[in-house]
Amino acid sequence: MEYSHYLKDRHPELHITSEVMQASAEKRMLAQMVSWGQMAGFAVTFFGTPIFQALSVPVPEWANYMQENKGIAIGAFFMGNMVVSSCVQTGAFEVYFGGELLHSKIKTGQLPDIHVLMDNVSKMSPKGSPEPKQVNSH
């Protein structure tokens, strides 16, 4: 957001928009599956014996292990959160000006230097331009 405020201060004629870049469908599906696994693991860890008794099924050895070692199960739950976060975050910060890519964090691995970005925008959009230009960041 700081980039857009800085750009708007220097170039009020610009129309600045931002969008969220979604992770791939495969990564979102993996994140959903890990979340389901987390919920199932939580249920077995804290309510396993009554669940298996209600199903008239003997409590499996792994479920007993999870119930006896709740700390390990809770640690696995937090590890699952890290997996889910890494699956859904794209790390994208892409800056377009009039459809032209000015900076890509995905390609460079870095956020743009604000001064370089401002210089590039200034070269492409002289002040007082009669038609508003659009700057997008994903």
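All of these numbers come straight from a predicted model, not from anything done at the bench.

What counts as what
Residues numbered from 1 in each chain as written. Predicted model: local features only at pLDDT ≥ 70, side-chain atom pairs only at ≥ 80, totals over all residues. Heavy atoms only, no water. Axes fitted to C-alpha atoms, helices over the stretch in contact; angles between N-to-C directions. Helix = DSSP H or I, 4+ residues; strand = E, 2+ residues; numbered from the N terminus. Parallel < 35°, antiparallel > 145°, perpendicular 65-115°, else oblique. Left-handed = near helix turned anticlockwise from the far one by under 90°. Contact = heavy atoms within 4.5 Å. Nonpolar A, V, L, I, M, F, W, Y, C, P; charged D, E, K, R; others polar. Phe/Tyr/Trp six-rings, centres within 6.5 Å; stacked < 30°, edge-to-face > 60°. Buried < 20%, exposed > 50% of the residue type's maximum accessible area, 1.4 Å probe, protein only.

## Quick look at the packing of helix α2 (residues 25-54) against helix α3 (residues 61-68)
Contact pair α2 / α3: the axes reach a minimum separation of 9 Å and the direction vectors enclose 120 degrees. By the angle between their axes, α2 is oblique relative to α3. As for the relative orientation of α2 and α3, their crossing is left-handed in sense. Every residue of α3 that contacts α2 at G41, V44, T45, F47, G48, T49 and F52 is listed here: W62, A63, M66 and Q67. When its residues are assigned to classes, the contact of α2 with α3 shows 6 nonpolar, 5 polar and no charged.

## Notes on the packing of aromatic side chains
The relative placement of two aromatic rings is captured by the distance of their centres and the angle of their planes. Taken as a whole and judged by the stated rule, the model has 4 aromatic pairs. Considering the side-chain rings of F52 and W62, the 6.3 Å spacing of their centres and the 85 degrees angle between planes classify their relative orientation as edge-to-face. On the criterion of sequence distance, the pair formed by F52 in helix α2 and W62 in helix α3 is long-range, its members being 10 residues apart. A relative accessible area of 11% means that F52 is categorised as buried. Seen from their ring centres, F77 and F78 are 5.9 Å apart, and the 80 degrees between their planes marks the pair as edge-to-face. Residue F77 is classed as partly exposed on the basis of its relative accessible area of 25%. Ring pairing ties together the aromatic residues F42, F46, F77 and F78, which thus form one cluster.

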